[in-house]
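# Working through the structure, step by step
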Amino acid sequence: MEWRTVAVIVLVVSLCFLAIPIRVSPNTSNGDLKLFQNYVMRYNKSYRNDPTEYEERFKRFLKSLRHIEKMNGLRPSQESAYYGLTEFSDMSEDEFLSLTLLPDLPARGEKHVNESYHRRHHLLQSTNRVKKSVSIPLRFDWRDKGVITPVRNQGSCGACWAFSTVEVVESMYAIKNGTLHMLSVQEMIDCAKNSNFGCEGGDICSLLSWLLASKVQIFQESTYPLVGKTSMCKLGKMIDKASGVKIRDFNCDNFVDAEDELLITVATHGPVAAAVNALSWQNYLGGVIQYHCDSSFDNLNHAVQIVGYDKSAAIPHYIIKNSWGTNFGDKGYMYIGIGNNLCGIANQVSSLDIL
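What this report covers is the structure whose coordinates are included nearby. Every chain begins its residue count from 1, and numbering advances along the sequence as written. Local features are withheld for residues below a pLDDT of 70 in this predicted model, meaning they are given only at 70 or higher, and side-chain atom pairs are given and counted only at 80 or more; totals for whole chains, interfaces and linings count all residues. Water and hydrogen atoms were dropped before computing side-chain values, which therefore reflect all heavy atoms in the structure.

### Observations regarding helix α7 (residues 160–177)
- With 18 residues, α7 extends 26 Å between its outermost C-alpha atoms, agreeing within 8% with the 26 Å of an ideal straight helix rising 1.5 Å per residue.
- Only protein chains enter the accessibility calculation, which uses a 1.4 Å probe; a residue is then buried when its area is under 20% of its type maximum, exposed when over 50%, and partly exposed in between. Strands are runs of DSSP state E lasting at least 2 residues, helices are runs of H or I lasting at least 4, and numbering of each runs from the N terminus. Within α7, 14 of the 18 residues are buried, which leaves the element mostly enclosed by the surrounding structure.
- Backbone geometry just downstream of α7 places Gly178 in the positive-phi region, at approximately 85°. To estimate how far a helix should reach, multiply one less than its number of residues by 1.5 Å.

### Things to note about the environment of Met172
- Along the chain, the position of Met172 falls in helix α7.
- Residue Met172 is classed as buried on the basis of its relative accessible area of 6%.
- Along the backbone, Met172 and Ser351 are 179 residues apart, and their C-alpha atoms lie at a distance of 9.4 Å.
- We call two residues in contact when some of their heavy atoms are within 4.5 Å. Not counting residues within four places of it along the chain, the set of residues in contact with Met172 comprises His269, Gly270, Pro271, Leu352, Asp353 and Ile354.

### Focus: the side chain of Ser164
- Along the polypeptide, Ser164 turns up in helix α7.
- We classify Ser164 as buried; its relative accessible area is 2%.
- For Ser164, the residues in contact, after removing those within four places along its chain, are Ile204, Ala273, Ala303, Val304 and Gln305.

### Structural notes on the state of the cysteines
- To count as a disulfide, a pair of cysteine sulfur atoms needs to be within 2.5 Å. Enumeration over the complete set of coordinates arrives at four disulfides.
- The side chain of Cys191 participates in a disulfide bridge whose partner is Cys233; the two sulfur atoms lie 2.0 Å from each other. Its torsion about the S-S bond being 100°, the disulfide of Cys191 and Cys233 is classed as right-handed. You can see Cys191 sitting in helix α8 (residues 185–191) and its partner Cys233 sitting in the loop between α9 (204–214) and β4 (247–254), a full 42 residues away along the chain.
- Look at Cys191 and you get buried, because its relative accessible area is 2%.

### Some words on the packing of aromatic side chains
- Working definition: rings of Phe, Tyr and Trp (its six-membered ring) pair if their centres are within 6.5 Å, and the pair is stacked with planes under 30 degrees apart, edge-to-face with planes over 60 apart, and tilted otherwise. Counted by the stated rule, this structure contains 18 aromatic pairs.
- Seen in terms of ring centroids, Phe36 and Phe58 are 5.2 Å apart; in terms of plane orientation they differ by 50°. Their pairing is tilted. In this pair, Phe36 is assigned in helix α2 (residues 30–42) and Phe58 in helix α3 (residues 51–73), connecting sequence segments 22 residues apart.
- Taking relative accessible area as the criterion, Phe36 reaches 0% and is therefore assigned buried.
- With centroids separated by 5.0 Å and ring planes inclined at 55°, the aromatic side chains of Tyr39 and Tyr43 adopt a geometry described as tilted.
- A relative accessible area of 2% places Tyr39 in the buried class.
- With relative accessibility at 23%, the residue Tyr43 sits in the partly exposed group.
- Here a set of aromatic residues connected by ring pairs shows up, and it is made of Phe36, Tyr39, Tyr43, Tyr47, Tyr54, Phe58 and Phe61.
- If you follow Arg143 out to its NZ or CZ, it ends over the ring of Tyr333, 4.3 Å from the centre. Distance and angle both matter: a charge sits over a ring if NZ of Lys or CZ of Arg is within 6 Å of the ring centre and within 35 degrees of the ring normal.

Take a look at the structure:
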């Protein structure tokens, strides 16, 4: 019996045991079907026993597969970004945007443009300041200094704005005091006002503005643990708890056409939080993103922490700490090319100081 026939029989029998009567088009390969079967098992997808959703997810999965093949075929070098299956590969692009990202970030960002803490850096200003500034190293990574906390996973909670901001506060505290503590993201999810709505969305600048105005202290995560959903604010019950960390000052900067200044900020001041367009990250596995990542302010939809950069690499890049867990990207990290505002990384960058 030909091996292809045996493979088909095994596949059909396996699917029967799964009780998923999926309809397969003549153009679908047995390999794709088996790949999806393994994918559902690997990520323990909730629809594994729902024939209708299983079939719909398979269609979206196939679309991701074809897109992955296309993107990998466009790689100009071994260091370039490469793509493959992630936990998001069974989503449509629209679903990924609405369930994982924050489509309203541009509208939120516009509200900060005329505020005193917003600064727009220009190319001429940047060039002059770079000439006057102390030279920065070709490579700088705050992880080497022991001031970056472990990668978190925001799950289905749309609070990347809180994760990225709190992580910068953690780092700035460690830089100033020499000790690294995980601070409470959940406190920000539950308690932050100023048009922040927990897992339903918010933004970095609004959070920092609220923290500064309210003088609220951020407690350690052990005191106010992460639960990954919006709950009642517990600050009123924590009066007798150990003191937390307070914000002294912050800025929300635009470094478009002035990324040299962004590098100086990272190297001489500390990690920063940045709004980005993460729509093309759905199937990202590793390598440096150089292309195919829209830079428009109008398409910002996610927030991350910039923890360093490497201008000595074959492709100079930023080092990005994401909040989608250690199974995403390079153990939770990503790399974005320097110089072209890729993924909109220079549009809205927040730095801060603590008391």
